[in-house]
Amino acid sequence: MKYEITEKKAAQLLGVSPARVSQLVNDKLLDAVKINGRVRISAKSIDLYRKEAKAPGRPPRSSYETASRHALMNGDHEIARVVYDSALDEPMSVEEVLDPARAPLGVFTSGGRPKRRELNDWWRRRSIPHSRPGLDAKLLSLGLGSSEELPVRSMGLSLSDCYWLKPEGADALSWRDVNFFDNPFVESAPSGWDSWLSGVGLSSPDNTSEGELPKKWIIDKQGVRYLLKGCRTDDQRPCNEAVATALHRRLLSGTDFVSYELVGTSDGAASRCANFLSSHEEYIPAIYVKDLGGRVRAKSNYDRLCRVLATLGIDESCAREAISKMILCDVVLANADRHWRNFGVVRDIETLEFRMAPLFDSGNCLWFSKSDREVKARDWAFRALPFGAHPEEALACIDDLAWFDPSALDGFVDEACEILSESRHATQGERLEFIREGLERNVVFVRDTAKVLSPRIARRR
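In this report, we go over the structure that sits alongside the text. Everything quoted here is computed from the prediction, not taken from an experiment.

**Some points on the overall build of the protein chain**
The helix and strand tally for the protein chain stands at 15 helices and 14 strands. Relative to its length of 461 residues, the protein chain is compact, with a C-alpha radius of gyration of 25 Å against a globular reference of 23 Å. Counting only C-alpha atoms, the protein chain reaches 75 × 55 × 45 Å along its principal axes. Among the 461 residues that make up the protein chain, the fraction classed as buried is 53%. Within the protein chain, counting contacts between residues at least 6 apart in sequence, those at least 24 apart form 62% of the total. Element-wise, carbon and sulfur atoms account for 48% of the exposed surface of the protein chain, whose accessible area totals about 21,300 Å². When the 66 positive and 68 negative side-chain charges of the protein chain are each reduced to one mean point, those points stand 6 Å apart.

Given below as structure tokens:
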């Protein structure tokens, strides 16, 4: 068999982009070899593909039953034309790139070429994890093989960003017509944590909610979108969110954090918070931001992130202040779950300007997962990720304490314990007293550390 057709020539013959030809080669839909580092495609395989294709640029007939074509949109901006094929391990592929500047961070190269693995990882992260209670049974009832297929049923719409999949042939659809920020959606009717998935598979932002705890979006009478987050084997984490809000109110300004309140549902305690995004904004986790800093020289992960944020147009001093606030508050709360996905930035999809996202998702704190044995042993240890394995390492990163008022912590421990008294889990045995002692230790530790750090920070400036 002769291999003599270049990718560029194959693109002309098939009426698709060179990027699409590369994907066809990678998916073994075109027969090709590398000769002296350059791809050469057999003319026979191009002829076979062209005969099997319904029209130029479409997948072969063997994929028609599982593949669908869409425009990947960000608001009303068309980013790329994509194919979603549920039969493939990496179901989403790009046929043509149109506006890479408004694409999810990290899914295209600096030259605008698609990165299929990163694109599909981004899509998977928009989906409900299989650890969510009842999800496997829900997928079975819907006849779906994976949770990644769920968002396709509602055009990939979310309340965390403005990305969506416009179906082929639906050119008249606009962002104003479909977005969940302004339009109604199906709300689940809970009667047990598993049933919080009742809106999943329908026209609902619940199809794209991350995290292992039961979650659902609701709309109140004033039209405000709220996220309800429940609990699993314990009822402490909704209370923890309320405690974190109490701390943030004492130390931070109102725009620095998302406010949570403790609410009762027919299924038990839940936390409730309003959406902090508008219909022209997207939340971008820090994991995608830090990976942009390949050439940025820095002395720590903290320093690198702040420098990368500055390259995005965020004032570096504001970035350092915001992350310093997060670190200090997380140490007070013994937050062991501040990973790279639950803090980040917000981007305006029209202007492409960035700002720091407010603090949110602090529920996995206050030693909620400690065993009775650890409580009895007074084991207050916790990991202070992502900037250090231990609280001392995390606090050592801080280089802005001008905002910190130690006296604002007076009475916080009592306020926290009063909130936690609503939790059955937190009040079992010695647990509440254990939490009180731990919080008192953390408050003293943070105050003492701030006294040591403040002169050092002043000298560095």
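**Considering the packing of aromatic side chains**
For any pair of aromatic rings, geometry is given as the distance between the ring centres together with the angle between the planes. All chains considered together, the criterion is met by 16 aromatic pairs. Ring geometry for Trp-122 versus Trp-123: centroids 6.1 Å apart, planes at 55 degrees, classification tilted. A ring pair is formed by Phe-276 and Phe-360, whose centres lie 5.6 Å apart and whose planes are at 40 degrees; its orientation type is tilted. Taken together, the residues span a long stretch of sequence, with Phe-276 in the loop between β11 (268-274) and β12 (281-285) and Phe-360 in the loop between β14 (354-356) and α12 (372-376) at a distance of 84 residues. By relative accessible area, Phe-276 is classed as partly exposed at 24%. Each member of the aromatic cluster is reached from another via a ring pair, and the members are Tyr-84, Trp-122, Trp-123 and Tyr-163. Here the guanidinium or amino end of Lys-290 rests over the ring plane of Trp-340, the centre of that ring lying 5.2 Å away.

**Brief notes about empty space enclosed by the protein**
Vacant regions in the atomic arrangement are exposed by a probe of water-molecule size rolled over the atoms. For the coordinates displayed, the defined rule picks out 3 cavities of 30 Å³ or more. When its volume is computed, the largest cavity comes out at roughly 70 Å³. Lining the largest cavity are Met-326, Ile-327, Asp-330, Val-331, Asn-335, Arg-338, Phe-382, Ala-384, Leu-385, Pro-386, Phe-387 and Ala-394. Looking at the lining of the largest cavity element by element, the count peaks at 4 residues for helix α11 (residues 316-333). Here the lining of the largest cavity is composed, by residue class, of 9 nonpolar, 1 polar and 2 charged.

**Observations regarding helix α1 (residues 7-14)**
Within α1, burial applies to Ala-10, Ala-11 and Leu-14. The buried residues of α1 occupy an angular sector of 105 degrees when projected down its axis, which confines them to one face. Those residues of α1 that are exposed and aimed more than 90 degrees away from the buried face are Lys-8 and Gln-12.

**Concerning the layout of surface pockets**
By volume, the second largest pocket amounts to about 440 Å³. What lines the second largest pocket is a set of 20 residues, and nearest its centre among them are Leu-105, Gly-106, Val-107, Phe-108 and Leu-292. Counting only elements with at least two residues in the lining of the second largest pocket, the list comes to α4 (116-125) and α9 (286-290). With 3 residues, the single largest contributor to the lining of the second largest pocket is α4.

**Comments concerning the sheet that holds strand β7 (residues 163-167)**
The 4 strands are arranged β6-β5-β4-β7 in an open sheet whose pairing can be described as antiparallel. In the strand order of this sheet, the two ends are held by β6 (92-97) and β7, each with one partner. Sheet twist, expressed as the average angle between the axes of neighbouring strands with direction ignored, equals 35 degrees. By the bridge criterion, 8 bridges tie strand β4 (residues 67-74) to strand β5 (residues 77-85) in an arrangement that is antiparallel. Bridge assignment links Arg-69 to a residue of β5, and that residue is Val-83. Each of β4, β5, β6 and β7 touches α4; the most contacted strand, β6, lies at about 120 degrees to it.

**Brief notes about the pattern of salt bridges**
Throughout the structure, instances matching the rule amount to 31 salt bridges. One salt bridge connects Lys-325 with Asp-256, and the closest N-O pair in it is separated by 2.8 Å. Here the residue Lys-325 occupies a position in helix α11, and Asp-256 occupies one in the loop between α8 (236-251) and β10 (260-265), the gap between them amounting to 69 residues. With a relative accessible area of 8%, Lys-325 lands in the buried category.

**Re unusual backbone geometry**
Here the residue pair Leu-385 and Pro-386 is connected by a cis peptide bond, since its omega of 5 degrees sits within 30 degrees of zero. In this fold, Pro-386 is placed in the loop between α12 and α13 (391-397). Despite not being glycine, Leu-352 has its phi angle at roughly 65 degrees, a positive value. As for its position among the elements, Leu-352 is in the loop between β13 (344-348) and β14. A positive phi angle is found at Trp-367, which is not glycine, with a value near 55 degrees. With respect to the secondary-structure elements, Trp-367 resides in the loop between β14 and α12.

**Let's talk about the packing of α8 against helix α14 (residues 412-420)**
In contact at an axis separation of 9 Å, α8 and α14 are set at 155 degrees when each is read in the N-to-C sense. In terms of orientation, α8 lies roughly antiparallel with respect to α14. Like other packed secondary-structure pairs, α8 and α14 cross with a definite hand, here right-handed. Of the residues in α14, those touching α8 at Gln-236, Cys-239, Asn-240, Ala-242, Val-243, Ala-246, Leu-247 and Arg-250 are Phe-412, Glu-415, Ala-416, Ile-419 and Leu-420. Along the lines of polarity and charge, the residues of the contact of α8 with α14 split into 9 nonpolar, 2 polar and 2 charged.

**A short note on the pairing of β7**
Buried residues dominate β7, accounting for 4 of its 5 residues. Examined bridge by bridge, β4 and β7 share 5 bridges and lie antiparallel to one another. By the bridge assignment, Leu-72 is partnered in β7 with Leu-165.

About the cut-offs
Residues numbered from 1 in each chain as written. Predicted model: local features only at pLDDT ≥ 70, side-chain atom pairs only at ≥ 80, totals over all residues. Heavy atoms only, no water. Helix = DSSP H or I, 4+ residues; strand = E, 2+ residues; numbered from the N terminus. Rg over C-alpha atoms; globule rule 2.2 N^0.38 Å. Buried < 20%, exposed > 50% of the residue type's maximum accessible area, 1.4 Å probe, protein only. Contact = heavy atoms within 4.5 Å. Areas by Shrake-Rupley, 256 points an atom, 1.4 Å probe, with all protein chains shown as cover. Lys, Arg positive; Asp, Glu negative; His and termini not counted. Charge placed at Lys NZ, Arg CZ, Asp CG, Glu CD. Phe/Tyr/Trp six-rings, centres within 6.5 Å; stacked < 30°, edge-to-face > 60°. Lys NZ or Arg CZ within 6 Å of the ring centre and 35° of its normal. 1 Å grid on protein atoms, 1.4 Å probe; cavity = no way out; pocket = protein on both sides within 12 Å on 5 of 7 lines; lining within 4 Å. Points joined across faces, edges and corners; volume = space filled by probe spheres on them. Nonpolar A, V, L, I, M, F, W, Y, C, P; charged D, E, K, R; others polar. Arc of directions from axis to C-beta. Pairing = 2+ DSSP bridges. Axes fitted to C-alpha atoms, helices over the stretch in contact; angles between N-to-C directions. Salt bridge = Lys/Arg side-chain N within 4 Å of Asp/Glu carboxyl O. Parallel < 35°, antiparallel > 145°, perpendicular 65-115°, else oblique. Left-handed = near helix turned anticlockwise from the far one by under 90°.

On their own, these measurements won't tell you what the molecule is for.
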